[in-house]
Amino acid sequence: MKGYEPRSSSSCAACKFLKRRCIPNCIFAPYFRSDECKKFAKVHKVFGASNVSKILIEVPEEQREDTVNSLAYEAEARLRDPIYGCIGAIALLQRKMVELQHDLAIAKDRLARYAAAATTPSTTTTTTTNTFNSHVSLPPFPEFFSCTDFNDNFFHNSSSSQSPPLTRHEMVDDFIPIPYIL
């Protein structure tokens, strides 16, 4: 492991947390330094020490540091958001990316219109403004709901007297996943 220094007599964070004696070939020692007790505590709370040690044993040694970093990130995300974990962060970033792509398309369209207006003589500025506002053709902006919006819509739809309550299969069939945008 890069940057790993042989330990002195102090225990690794995992052995400190688990209150056990740290052996010289401890699987946790290279990845959880003695000053990273909170990091191990979070990983232990989400995955458990036994599962983490099994994962580290199965992973090739050159990939273990990245594995521990991934486990620590997932544990942090899962503790912050117990339902969605890091998937919630990914969905949020995808939503922001779609919004930024939409804003970029609007900006490019405006820039193209201003460039076209600058090369052709215009009679009045109101004609240019009306032309600019009336020809924006962008793909529809996808609708995203926050957790509270979803709950409000769900309870509103399920409590309305116009339609019967949704069954499990109807909710699954109506689910539209957020597309991955590369």
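In this text, all values refer to a predicted model and were calculated from it rather than measured experimentally.

## Describing the side chain of threonine 67
1) Next: Its location among the elements puts threonine 67 in helix H4 (residues 64–80).
2) Next: By relative accessible area, threonine 67 is classed as buried at 16%.
3) Next: With near-sequence residues (within four places) excluded, threonine 67 lies in contact with Ile55 and Val59.

## With respect to helix H5 (residues 86–119)
1) Next: For H5, spanning 34 residues, the distance from its first C-alpha to its last is 49 Å, which sits close to the expected 50 Å at 1.5 Å a residue.
2) Next: The set of residues buried in H5 consists of Cys86, Gln94, Val98 and Asp109.
3) Next: On the buried face of H5, the contacting elements are H4.

## Focus: the nonpolar core
Buried together is how nonpolar side chains tend to be arranged in soluble globular proteins.
1) Next: Counting 19 residues, the largest nonpolar core has Cys12, Cys26, Phe28, Phe32, Phe40 and Val43 as the members making the most contacts within it.
2) Next: Secondary-structure elements contributing two or more residues to this core are helix H1 (13–18), helix H2 (37–47), helix H3 (49–58) and H4.
3) Next: The element best represented in this core is H4, accounting for 4 residues.
4) Next: For phenylalanine 28, the contacting residues outside a window of four places in its chain are Cys12, Ala14, Arg20, Phe40, Ala49, Val52, Ser53 and Leu56.

## Re the confidence of the model for the chain
1) Next: Averaged over the chain, the pLDDT score is 75; the fraction of residues at 70 or greater is 61%.
2) Next: Ignoring residues within four places in sequence, the model shows residues 147–161, a span with pLDDT below 50, making 5 contacts including any to other chains.
3) Next: Low pLDDT, under 50, characterises residues 165–175; the stretch is placed with 3 contacts to residues that sit more than four places away or in other chains.

## Topic: the packing of H3 against H4
1) Next: It is the contact of H3 with H4, at a shortest axis distance of 9 Å, that shows an interaxial angle of 150°. If you check the angle between H3 and H4, you find them roughly antiparallel. Classified by chirality, the crossing of H4 by H3 is right-handed. Contacts from Val52, Ile55, Leu56 and Ile57 of H3 reach H4 at Arg64, Thr67, Val68 and Leu71.
2) Next: For the contact of H3 with H4, the residue count by class is 6 nonpolar, 1 polar and 1 charged.

## Remarks on a nonpolar patch on the surface
1) Next: Together, Ile83, Tyr84, Ile87 and Ile90 line one region of the surface with nonpolar side chains, adding up to about 410 Å² of accessible area.
2) Next: With respect to the helices and strands, the residue isoleucine 83 is situated in the loop between H4 and H5.
3) Next: For isoleucine 83, a relative accessible area of 65% gives the class exposed.

## Observations regarding the state of the cysteines
1) Next: The full count for this structure, using the stated rule, is 0 disulfides.
2) Next: In this structure cysteine 15 is a free cysteine whose sulfur lies 3.5 Å from that of cysteine 12, the closest cysteine sulfur available.
3) Next: The exposure class of cysteine 15 is buried, given its relative accessible area of 2%.

## Overview of the pattern of salt bridges
1) Next: Within this structure, the stated rule accounts for 8 salt bridges.
2) Next: As a salt-bridge pair, arginine 78 and glutamate 74 come within 3.3 Å of each other at their nearest N and O atoms. One end of the pair, arginine 78, and the other, glutamate 74, are both in helix H4, 4 residues apart, so they sit about a helical turn from each other.
3) Next: The residue arginine 80 makes a salt bridge to glutamate 76 at a minimum N-O spacing of 3.8 Å. Taken together, the positions of arginine 80 and glutamate 76, both in helix H4 and 4 residues apart, correspond to about one turn of that helix.
4) Next: Arginine 80 gets classed as exposed once you look at its relative accessible area, which sits at 59%.

What counts and what doesn't
Along each chain, the written sequence defines residue order, and numbers are assigned to residues from 1. Thresholds applied to this predicted model are a pLDDT of at least 70 for local features of residues and 80 or more for the giving and counting of side-chain atom pairs; totals over whole chains, interfaces and linings are not thresholded and use all residues. The side-chain values count all of the structure's non-hydrogen atoms but skip hydrogen atoms and water molecules. The helix and strand labels rest on DSSP assignments: H or I over at least four residues marks a helix, E over at least two residues marks a strand, and numbering proceeds from the N terminus. Throughout, exposure labels follow a simple rule: accessible area from a 1.4 Å probe, protein chains only, divided by the maximum for the residue type, with under 20% read as buried, over 50% as exposed, and the rest as partly exposed. Two residues form a contact once any of their heavy atoms are found within 4.5 Å. What a helix should span is 1.5 Å times the count of its residues minus one. For the purposes of this section, nonpolar cores are sets of buried Ala, Val, Leu, Ile, Met, Phe, Trp, Tyr and Cys residues that join through side-chain atoms within 4.5 Å. Confidence scores per residue from the predictor, reported as pLDDT, run from 0 to 100. Only the contacting stretch of a helix is used when fitting its axis, a line to C-alpha atoms as for every element, and angles between N-to-C directions run 0 to 180 degrees. Note on terminology: angles under 35 degrees are roughly parallel, angles over 145 are roughly antiparallel, angles of 65 to 115 are roughly perpendicular, and the others are oblique. Should the near helix be turned anticlockwise from the far one by less than a right angle, the crossing is termed left-handed; should it be turned clockwise, right-handed. In this classification, the charged set is Asp, Glu, Lys and Arg, the nonpolar set is Ala, Val, Leu, Ile, Met, Phe, Trp, Tyr, Cys and Pro, and all remaining amino acids, among them Gly, are polar. Here a patch means residues that are over 30% exposed by relative accessible area and free of salt bridges, tied together within 9 Å if like-charged and within 5 Å if nonpolar (Val, Leu, Ile, Met, Phe, Trp, Tyr). Using a 1.4 Å probe, the Shrake-Rupley method yields the accessible areas, and only the shown protein chains count as cover for residues. Any carboxyl oxygen of Asp or Glu that lies within 4 Å of a side-chain nitrogen of Lys or Arg is treated as forming a salt bridge with it. Pairs of cysteine sulfur atoms within 2.5 Å are identified as disulfides in what follows.

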